[in-house]
Amino acid sequence: MKYDIVHLNSFNPLDMQLIKYREKWYGSDDHSRWVFKNDNLYYKIWNETYVRKDGVKTGLDCGFYDETTVPSFVALIYNDDLCRGYVTKECEDYRNDTSSFMKVIMDKTKETEFFIYDVTGKHIMKFGDKFSLIDLEGICPLSEYEDISNNRFNASFSSKKYKEFVGELYKNK
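Residues numbered from 1 in each chain as written. Predicted model: local features only at pLDDT ≥ 70, side-chain atom pairs only at ≥ 80, totals over all residues. Heavy atoms only, no water.

Here we come to helix 1 (residues 55–62). Among the residues of helix 1, Gly-55, Val-56, Gly-59 and Leu-60 are the ones counted as buried. Down the axis of helix 1, the sector holding all buried residues measures 135°, keeping them to one side. One or two residues past the end of helix 1 sits Gly-63, with phi positive at roughly 90°. (Buried < 20%, exposed > 50% of the residue type's maximum accessible area, 1.4 Å probe, protein only. Helix = DSSP H or I, 4+ residues; strand = E, 2+ residues; numbered from the N terminus. Arc of directions from axis to C-beta.)

Set out below in structure tokens:
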């Protein structure tokens, strides 16, 4: 998937509308992040110490994130050599039937042997006539299934059905 790299110093979040933020630490683990909006773009930004700072890049590199799963994706945000966030185009809230898109997610999970643990209706949006994931940094290799399944690292599955699906893949690997 082709995407751009945006440098953190090329824009000022203070000139944007703050949409959502979470400033949270679990012990020494930084879980803080902010979402800003500018025109029709959303910028999700985190600290240098964010525990999942490499997740989106991992998802892109392994092929989980592509035009079928994140058609709204625009760019990664970097500061020096650290990923500090990402940019997506505006999507529409969609809380209706997303079962066809969950099939795409399950196929990607099988194909790449990576999974996203926080896939819920609120993280599946409409982008034109397609579905698009938002909240992208929570992606893990199948080898981390037990850790996420047991809520280690302050991360857990949002969907029981998807958790069971990933669990079967993990057991049969």
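There is more to say after this.
Strand order in the open sheet made by the 3 strands is 9-11-12, with antiparallel pairing throughout. Strand pairing shows two members of the sheet lacking a second neighbour, strand 9 (92–93) and strand 12 (130–133), which therefore form its edges. Note: strand 11 (residues 124–127) against strand 12, 4 bridges, orientation antiparallel. Counted as the bridge partner of Ile-124 is Leu-133 from strand 12. (Pairing = 2+ DSSP bridges.)

With that settled, the discussion passes to the environment of Phe-127. Mapped onto the elements of the fold, Phe-127 is located in strand 11. On the basis of relative accessible area, Phe-127 is assigned to the partly exposed category, the value being 21%. Taking the C-alpha atoms as reference, Phe-127 lies 19 Å from Ile-19; in sequence the two are 108 residues apart. With sequence-adjacent residues up to four places away left out, Phe-127 is seen in contact with Pro-71, Ser-72, Lys-89, Glu-90, Cys-91 and Ser-132. (Contact = heavy atoms within 4.5 Å.)

Moving on, we come to the environment of Asp-4. Looking at the secondary structure, you find Asp-4 in strand 1 (residues 4–7). When near neighbours in sequence (up to four residues on either side) are disregarded, Asp-4 contacts Val-74, Ala-75 and Leu-76.

Okay, the pattern of salt bridges next. In this structure the tally under the stated criterion is 11 salt bridges. Among the ionic pairs, Asp-135 bridges to Lys-44, the shortest N-O distance being 2.6 Å. Pair noted here: Asp-135 is in the loop between strand 12 and strand 13 (139–141) and Lys-44 is in strand 6 (residues 41–46), with a separation of 91 residues, a long-range link. Relative accessible area serves as the criterion here: at 10%, Lys-44 is assigned to the buried category. Note that Lys-44 and Glu-137 form a salt bridge whose closest N and O atoms lie 2.9 Å from each other. (Salt bridge = Lys/Arg side-chain N within 4 Å of Asp/Glu carboxyl O.)

Worth remembering: the numbers are spatial, not functional.
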